[in-house]
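Residue strings, one per chain:
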Amino acid sequence: WFPRMVCSPLVRLQRRTAEPPEGKGRGAGTIQKLVIGLAVLVVGGLFASNAVRPESRATAGDGSWAGTRHSSSALAAPRSAEVDGVLANVRGGALQLLNQTGAQFAMALHQRVPTAAAATEATVLAMPLSSLLAPEGPMVAALGAPASGPLVLPVGSLKSPSPVLGRGDWFARVRRTETWERDVAELPKSGSKAKPPTLDDALAQARARAGSNPGPVIATFVNLKRFDFGLTWVRRCEKLGLRNFVVGALDPEALALLQALKVPTFQMGATANRAPLPGTHDYGWNSVDFKKMGIEKVQLLADILERNYTVLLMDADAVLVADPLPYFARWPEADVLVTTDYIGEPTIDGGIDRAKLLKYTMNIGVIFARPAFTGLAQAWISQLSKGSLQWDQNVFYTLMSSRKNGAGFADEVQPGSPGSQLLTLAAKDKRLGLVWDGKLLAGVLPTSLFCTGFTFVSGYCDKNALGHPFTFHACWLFYEAHGKRVRLRSLRVWHDDAKYYQRGEGDRTNGFLALADDGWLGTKEGRHSELLQPPFTTAKHMQLVHEQLRFVRSGMLLAALLGRQFVMPRMACLYDKWWAEHNGTIPASKMDQPIRDCPMDHILELNVLNTHQQWLPRQHSFLQHEDMPPALKQSRLNVSLREFSKSAPGSLSALVSALRPGGHGQIGSMHTLVVSSIPDVYHMLHPSDQVRFFFFFFSLNGPVTW
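Keep in mind it's a predicted model, so treat the numbers as computed, not measured.

Engineer: Explain the overall build of the chain to me, using residue names and the numbers behind them.
Structural biologist: Helix and strand content of the chain: 25 helices and 16 strands. Here the chain holds 706 residues, and the buried ones make up 56% of them. Restricting to contacts in the chain with at least 6 residues of sequence separation, those with at least 24 account for 76%.

Okay, here's the thing in structure tokens:
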């Protein structure tokens, strides 16, 4: 029922070639419950695909939408021998629901299955998992607000629905142009003859900005393609009062932009006489350019350390949330402090993590190093410069974990072996460990304070004793740069210009529309739903997400009809999203379920929506962002649509007219409308508009034929 953008592969069922004997294996009971639950829902899914046909819509006597409901008699229809055979295959594990494209999902969802007798295994295999597990159900409107609450918008005169979609920029390709992108277009076409600034120039400029007590150098690097990440990184440093920072430019265009913004900068690679990297490339993980960028990163670290500076080196997508320098100062004995990819439970007492975690995969997105680390940094760049290109993080771990001559490593050391004099009882008490043949003391920065995409979802970052994290590294998430931007915006640490808060994208010039009380989660049904209670299953996860997405669909459509940008409500989900098989949480991890703040990259297809940004919702925290001008925050009105939730589909024209500028009172002139009791706008549309909406979104993934 909803386009490819919300058919993100949250959960996939795999074929079970051999089930363990009854009572064997911890997962046996869960699997059995899952396949039985799936079997029960197969018939509902078959009828669901037929029940949502536009011609089946009818206005019930009580003014509700009969077409959005499934009668109990239909769901309880007798199953034929063919359906029984399909269900037997489900129970036996022979039914696969894999490898379907978005278009196949779309077509299957609208396939007509006239009778249960016509259902065959082939038919069921063609059905999308979303329709099998959560067929379209009734739209549950929020409870009406009290008289003292939001403005209750009266229905007024009812009109017949008429096609209203497809006007203006509804389905046009829309992508916002940032201020810095316009600045790029104004850069001189011919190369400047001026000598580019050096690292020493940038460090001097940074020290001058920082004053008499500059403290450690804070450094990152950026190219033109991802310049907005560098700009966000700079703005976060400035907001926290950190001035002693430098930003390396990977290409001449990024260098020119940084110079125009008066950011202390220099050309990366210059100290080693390497040519700049191409600014228009997207340095995807493990690509050739990604590995070349790693060389430049390590060179930057070594160059700063060789100048006898202490340095905090960060990737540009690792954004500062709070000033971490006083925290680092608590471990003056440490030669290096580094973040980790460990996904188990971190320490939450405000200290660094256990020294034994040095044995796990380290994450070099955030490194705090003192001059004693110079030797390892030089060995690191030397190793990266040899032979074929390598991933800098792998080489880093190899060097850190080296144990020549029986040297100690992490929290292990033998008396008299290399490192035994460094790893004193005091160092052990402070959770420091040995690295690099026992030559250095290192500490692991806990993911509860130096967070990743995963640990924010897991809830670890809300539990640390300090009450806040220091950094958020936009890794362990989905949709690459698009997903990183959305996640950082949701955490209110991304930098956007004023225009982002003033109006939407494309034709969405009339402000914003949000759902009150987090949409479905704020309804009586949502607040008390058993879907949020254990035991947690795949079926419950899918149904929970779909219940919320129906409200999202209505909000997106109503916002579009009003020329407003939609603001995503806070979403909840039961299962985490990962790259491999799992049982709802990443193996070896511990996380809170349900996930009360389920990220947009777990729910929506962000790569698809990024091409038509008028349909990409603002993040749920948008209206609380500190960068939104106060006057715009105050231009907000809560409106209850409970009367429309009780009315017939024909009231759509009246609803849109009342909420548009010049409609009911001053409603249309408000910057933001926060609506409660939103009706099912999709089923209020004319059938032809439902088809247009449906095909538009699926066409974003390529041609769709009926």
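Engineer: Let's hear about the pairing of strand β10 (residues 440-444): which residues, and what values?
Structural biologist: For β10, the buried fraction is high: five of the five residues fall into the buried class. Because side chains alternate across β10, one face comprises the buried residues L440, A442 and V444, and the other comprises L441 and G443, equally buried. Taken together, strand β9 (residues 433-435) and the strand that follows it, β10, pair antiparallel across an intervening segment of four residues, in which W436 is found at a positive phi of about 55°.

Engineer: Residues and numbers for the sheet that holds strand β6 (residues 318-320), please.
Structural biologist: Hydrogen bonds between backbone groups are what pair the strands of a sheet, and the pairing can be parallel or antiparallel. If you trace the three strands from one edge of the open sheet to the other, you get β6-β12-β11, paired in mixed fashion. Two strands in the sheet have a free side with no partner beyond their single neighbour: β6 and β11 (450-452). Direction aside, neighbouring strands of the sheet carry axes that sit 20° apart on average. Of the strand pairs in this sheet, β6 and strand β12 (residues 471-473) are connected by three bridges, and their pairing is antiparallel.

Engineer: Please provide a residue-by-residue account of the state of the cysteines, values included.
Structural biologist: One pass over the structure, following the stated rule, counts two disulfides. Here C451 is linked by a disulfide to C461, with a sulfur-sulfur distance of 2.0 Å. With C451 in strand β11 and C461 in the loop between α16 (453-458) and β12, the pair connects residues that are 10 residues apart, well separated along the chain. For the pair formed by C451 and C461, the shared burial category is buried. Disulfide pairing places C573 opposite C598 at an S-S distance of 2.0 Å. Measuring handedness by torsion sign, the sulfur bridge of C573 and C598 sits at about 85° and is right-handed.

Engineer: So what's going on with the nonpolar core? Which residues, and what values?
Structural biologist: Ranked by internal contacts, the top residues of the largest apolar core, which has 60 residues, are L558, F566, L604, W615, L641, L659 and I678. Listed in part, the 48 residues of the second largest apolar core include F221, V336, I364 and A369.

Engineer: Can you break down the sheet that holds strand β2 (residues 217-222) residue by residue, with the values?
Structural biologist: Spatial ordering of the open sheet is given by β4-β3-β2-β5-β8-β7-β10-β9, a layout of eight strands whose pairing is mixed. Among the strands making up the open sheet, the edge pair consists of β4 (265-267) and β9. Within the sheet, the average angular offset between the axes of one strand and its neighbour, ignoring direction, is 30°. With five bridges joining them, strand β7 (residues 336-340) and strand β8 (residues 362-369) adopt antiparallel strand pairing. Its bridge partner being in β8, V336 is matched across the sheet by A369. Across the sheet, helix α8 (residues 199-210) touches β2, β3 (245-249) and β4, and the angle it forms with β3 is around 150°. Across the sheet, helix α14 (residues 392-400) is in contact with β7, β8, β9 and β10; its angle to β8 comes to roughly 65°.

Engineer: Got a sec to walk through unusual backbone geometry? Specific residues and values, please.
Structural biologist: With an omega of 0°, the peptide bond running from P534 to P535 counts as cis. Position of P535 relative to the elements: it lies in the loop between α19 (524-527) and α20 (538-561). Cis geometry is adopted by the peptide bond preceding P594, which originates at Q593 and carries an omega value of 0°. Note that P594 resides in the loop between β14 (565-567) and α21 (606-609). The backbone of W476 shows a phi angle near 55°, a positive value even though the residue is not glycine. Mapped onto the elements of the fold, W476 is located in the loop between β12 and α17 (480-490). When its relative accessible area of 24% is taken as the criterion, W476 is described as partly exposed. Not every positive phi belongs to a glycine, and R492 is a case in point at roughly 60°. Note on placement: R492 falls in the loop between α17 and α18 (499-502). For R492, a relative accessible area of 39% corresponds to the partly exposed category.

Engineer: Tell me about the side chain of Q690, and please be specific about residues and values.
Structural biologist: Here Q690 lies in helix α25 (residues 687-699). Overall, the relative accessible area of 2% leaves Q690 in the buried class. A distance of 3.4 Å separates a polar atom in the side chain of Q690 from the backbone oxygen of L685.

Engineer: How would you explain the environment of P214 if you had to name every residue and give the values?
Structural biologist: Among the secondary structure elements, P214 is positioned in the loop between α8 and β2. The exposure class assigned to P214 is partly exposed, which follows from its relative accessible area of 28%. The sequence separation of P214 and N244 amounts to 30 residues, and the corresponding C-alpha distance is 5.8 Å.

Engineer: Just give me the short version of the packing of helix α13 (residues 374-384) against α14, but keep the residues and values in it.
Structural biologist: One way to put it is that α13 packs onto α14 with a least axis distance of 10 Å and a crossing angle of 130°. In terms of orientation, α13 lies oblique with respect to α14. The interaxial crossing formed by α13 with α14 has right-handed handedness. Contacts between α13 and α14 involve L376, A379, W380, Q383 and L384 from the former and D392, V395, F396, L399 and M400 from the latter. Looking at the contact of α13 with α14, its residues break down into eight nonpolar, one polar and one charged.

Engineer: Go over the packing of aromatic side chains with me, naming the residues and quoting the values.
Structural biologist: Per the counting criterion, the structure on display carries 20 aromatic pairs. A ring pair is formed by Y327 and F450, whose centres lie 5.6 Å apart and whose planes are at 50°; its orientation type is tilted. In this pair, Y327 sits in helix α12 (residues 325-328) while F450 sits in strand β11, placing the two residues 123 residues apart along the sequence. With relative accessibility at 3%, the residue Y327 sits in the buried group. By the ring-pair criterion, three or more aromatic residues cluster together here, those being Y327, F328, W331, F368, F450 and F470. The lysine or arginine in question, K439, covers the ring of W436, its NZ or CZ lying 4.1 Å from the ring centre.

Engineer: Residues and numbers for helix α9 (residues 227-239), please.
Structural biologist: In a regular helix each residue adds 1.5 Å, so 13 residues correspond to 18 Å; α9 covers 18 Å between its end C-alpha atoms and thus fits that length. By the criterion of burial, α9 is predominantly enclosed, with 10 of the 13 residues buried. Residues F227, D228, F229, G230, L231, T232, W233, V234, R236 and C237 constitute the buried set of α9. Phi for G241, located one or two positions after α9, is positive at around 75°.

Engineer: Tell me about the confidence of the model for the chain, residues and numbers included.
Structural biologist: With 71% of its residues at a pLDDT of 70 or more, the chain has an overall mean of 77. This model gives residues 1-148 a pLDDT under 50, and the stretch forms 248 contacts once residues within four places in sequence are excluded. Segment residues 157-161: pLDDT under 50, and 11 contacts once partners within four positions in sequence are set aside and those in other chains are kept.

Scoring rules and cut-offs
Residues numbered from 1 in each chain as written. Predicted model: local features only at pLDDT ≥ 70, side-chain atom pairs only at ≥ 80, totals over all residues. Heavy atoms only, no water. Helix = DSSP H or I, 4+ residues; strand = E, 2+ residues; numbered from the N terminus. Buried < 20%, exposed > 50% of the residue type's maximum accessible area, 1.4 Å probe, protein only. Contact = heavy atoms within 4.5 Å. Pairing = 2+ DSSP bridges. Axes fitted to C-alpha atoms, helices over the stretch in contact; angles between N-to-C directions. Disulfide = S-S within 2.5 Å. Core = buried A, V, L, I, M, F, W, Y, C linked by side-chain atoms within 4.5 Å. Polar contact = N/O pair within 3.5 Å; in protein donor to acceptor, adjacent residues only side chain to side chain. Parallel < 35°, antiparallel > 145°, perpendicular 65-115°, else oblique. Left-handed = near helix turned anticlockwise from the far one by under 90°. Nonpolar A, V, L, I, M, F, W, Y, C, P; charged D, E, K, R; others polar. Phe/Tyr/Trp six-rings, centres within 6.5 Å; stacked < 30°, edge-to-face > 60°. Lys NZ or Arg CZ within 6 Å of the ring centre and 35° of its normal. Expected span 1.5 Å × (residues − 1). pLDDT = per-residue confidence, 0-100.

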